[in-house]
Amino acid sequence: LLVAPALAQAQSIARFSTQGDFASVKEEILLAIQSRGLVIDHTSYIGNMLERTGKDLGAGRRIFKDAQSIQFCSATVSRRTMEADPVNIAFCPYAIAFYVAADDPKTVHVVFRRIADAGGEASRASLREVDKLLEGIVREALGLK
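It should be emphasised that the depicted structure is a prediction, and the values quoted were computed from it without experimental measurement. (Residues numbered from 1 in each chain as written. Predicted model: local features only at pLDDT ≥ 70, side-chain atom pairs only at ≥ 80, totals over all residues. Heavy atoms only, no water.)

A. Representation of the overall build of the protein. Regarding its fold elements, the protein presents 4 helices and 5 strands. Dimensions of the protein, computed from the C-alpha atoms along their principal axes, are close to 45 × 45 × 25 Å. For the protein, the residues scored as buried account for 37% of the 145 residues in total. Of the contacts made within the protein by residues no fewer than 6 positions apart, 70% connect residues no fewer than 24 positions apart. Of the accessible surface of the protein, which amounts to about 8900 Å², a share of 55% is contributed by carbon and sulfur atoms. For the protein, the distance from the average position of its 18 positive side-chain charges to the average position of its 17 negative side-chain charges is 2 Å. (Helix = DSSP H or I, 4+ residues; strand = E, 2+ residues; numbered from the N terminus. Buried < 20%, exposed > 50% of the residue type's maximum accessible area, 1.4 Å probe, protein only. Contact = heavy atoms within 4.5 Å. Areas by Shrake-Rupley, 256 points an atom, 1.4 Å probe, with all protein chains shown as cover. Lys, Arg positive; Asp, Glu negative; His and termini not counted. Charge placed at Lys NZ, Arg CZ, Asp CG, Glu CD.)

B. Layout of the pairing of strand S3 (residues 64–73). Of the pairings in the sheet, the one linking strand S2 (residues 39–44) to S3 comprises 5 bridges and is antiparallel in character. Pairing of Val-39 across the sheet is with Cys-73, part of S3. Taken together, the 8 bridges between S3 and strand S4 (residues 94–101) define a ladder with antiparallel strand orientation. Bridge pairing in S4 links Gln-71 to Ala-95. (Pairing = 2+ DSSP bridges.)

C. Representation of the nonpolar core within the structure. One finds Ile-29, Phe-72, Ile-96, Val-110, Leu-134 and Ile-137 to be the most contacted residues of the largest nonpolar core, which totals 30 residues. For this core, the secondary-structure elements that each account for two or more residues are strand S1 (13–19), helix H1 (22–34), S3, S4, strand S5 (107–113) and helix H4 (121–142). Among the elements that make up this core, the one with the highest residue count is H4 (8 residues). When near neighbours in sequence (up to four residues on either side) are disregarded, Ile-29 contacts Ile-96, Phe-98, Val-110, Ile-137 and Ala-141. (Core = buried A, V, L, I, M, F, W, Y, C linked by side-chain atoms within 4.5 Å.)

D. Seen up close, the pattern of salt bridges. Under the counting rule described, the total for this entry stands at 9 salt bridges. The shortest N-O distance in the salt bridge between Glu-135 and Arg-114 comes to 2.7 Å. With Glu-135 in helix H4 and Arg-114 in the loop between S5 and H4, this pair connects stretches of sequence that are 21 residues apart. A salt bridge links Arg-128 to Glu-121, with the shortest nitrogen-to-oxygen separation between them at 3.0 Å. Here Glu-121 falls in the partly exposed class, since its relative accessible area comes to 45%. The structure contains a network of salt bridges with shared partners spanning Arg-114, Asp-131, Glu-135 and Arg-139. (Salt bridge = Lys/Arg side-chain N within 4 Å of Asp/Glu carboxyl O.)

This is how it looks when you write it as structure tokens:
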């Protein structure tokens, strides 16, 4: 059996920043997700994990003051993407991460992976809808138009 891996498309990262309080930004992100009728599946406490394991790994530099990632899915949007191409299951769940860098404690950064255009036209159109959903959530949470 010969298996040829498909070439992975590079994904870019959408980046937003705001001056403010980490907990307040997180709350606004949660509200923006929930206002769309979406349910949060998981919260990853990335900053805590890195802080806890850093000593065991011999790392001395603190990267984040706080860092988390929220994962969620949309039954409607996800169904459309997977009906267009079942391989699009790889994009679910969606994630939005937010962090405060240790060296910049007054700025909260909000990031997510841009969803790559993949597959046929129906697939690409449905994946653009996911990207639009993610950006809409972040813009609403940060009060951007």
